[in-house]
Amino acid sequence: MQQVIFNLLINSVDALPAGGEIKIKIYEKSIPELYLNQAACVIEIADTGIGISKDNLSRIFEPFFTTKRDKKGTGLGLSVAKMIVENHKGNLQVESEIGKGTVVRIILPESTEREA
């Protein structure tokens, strides 16, 4: 998860060439369409950056897809992040609008087992 959050924060910083804000929120939420009988932990990273076009948004999880060729982007960050999250039985969601920024949510099922 550390690698996932690191990759997402790097993307947010890159989306703020003229400055802006990055906010991180962590909260619990019931998401029945993903986890029927358990709550989810949501880690949300939101920026006020340049945003992602609809055409690019549909491709962001493709391996080797990048819009950062000038910055030596490999296009593996988001595809690897998605794989890591899915290996934890989670979901990675991205919402974005050009000129308004991007919100990325890491959604993970909470454990049904509690430590004493």
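Use the structure listed above.
Residues numbered from 1 in each chain as written. Predicted model: local features only at pLDDT ≥ 70, side-chain atom pairs only at ≥ 80, totals over all residues. Heavy atoms only, no water.

### Description of the sheet that holds strand β1 (residues 22-30)
Working step 1: Spatially, the four strands line up as an open sheet ordered β1-β2-β4-β3, and their pairing is antiparallel. Two strands lie at the open edges of the sheet, namely β1 and β3 (91-97), each paired on one side alone. Averaged over all pairs of adjacent strands, the angle between their axes in this sheet comes to 15°, without regard to strand direction.
Working step 2: Set on the sheet, helix α3 (residues 77-87) makes contact with β3 and β4 (101-109); between it and β3 the angle comes to about 140°. (Pairing = 2+ DSSP bridges. Helix = DSSP H or I, 4+ residues; strand = E, 2+ residues; numbered from the N terminus. Axes fitted to C-alpha atoms, helices over the stretch in contact; angles between N-to-C directions. Contact = heavy atoms within 4.5 Å.)

### Thoughts on the environment of glutamine 38
Working step 1: Take glutamine 38: it is sitting in the loop between β1 and β2 (39-47).
Working step 2: Note on glutamine 38: relative accessible area 28%, which makes it partly exposed.
Working step 3: The spatial distance from the C-alpha of glutamine 38 to the C-alpha of lysine 100 is 33 Å, given a sequence separation of 62 residues.
Working step 4: Among the polar contacts made by the side chain of glutamine 38, one reaches the main-chain carbonyl oxygen of glutamate 110 at a distance of 2.3 Å. (Buried < 20%, exposed > 50% of the residue type's maximum accessible area, 1.4 Å probe, protein only. Polar contact = N/O pair within 3.5 Å; in protein donor to acceptor, adjacent residues only side chain to side chain.)

### Some remarks on helix α1 (residues 2-14)
Every α-helix carries 3.6 residues per turn, so stepping three or four residues along brings you back to the same face.
Working step 1: The first and last C-alpha atoms of α1 sit 18 Å apart over 13 residues, in line with the 18 Å expected at 1.5 Å per residue.
Working step 2: Among the residues of α1, Val4, Asn7, Leu8 and Ser12 are the ones counted as buried. The buried residues of α1 occupy an angular sector of 140° when projected down its axis, which confines them to one face. More than 90 degrees from the buried face of α1, the exposed residues found are Gln2, Phe6 and Val13.
Working step 3: In this structure, the buried side of α1 is in contact with β1, β2, α3, β3 and β4. (Expected span 1.5 Å × (residues − 1). Arc of directions from axis to C-beta.)

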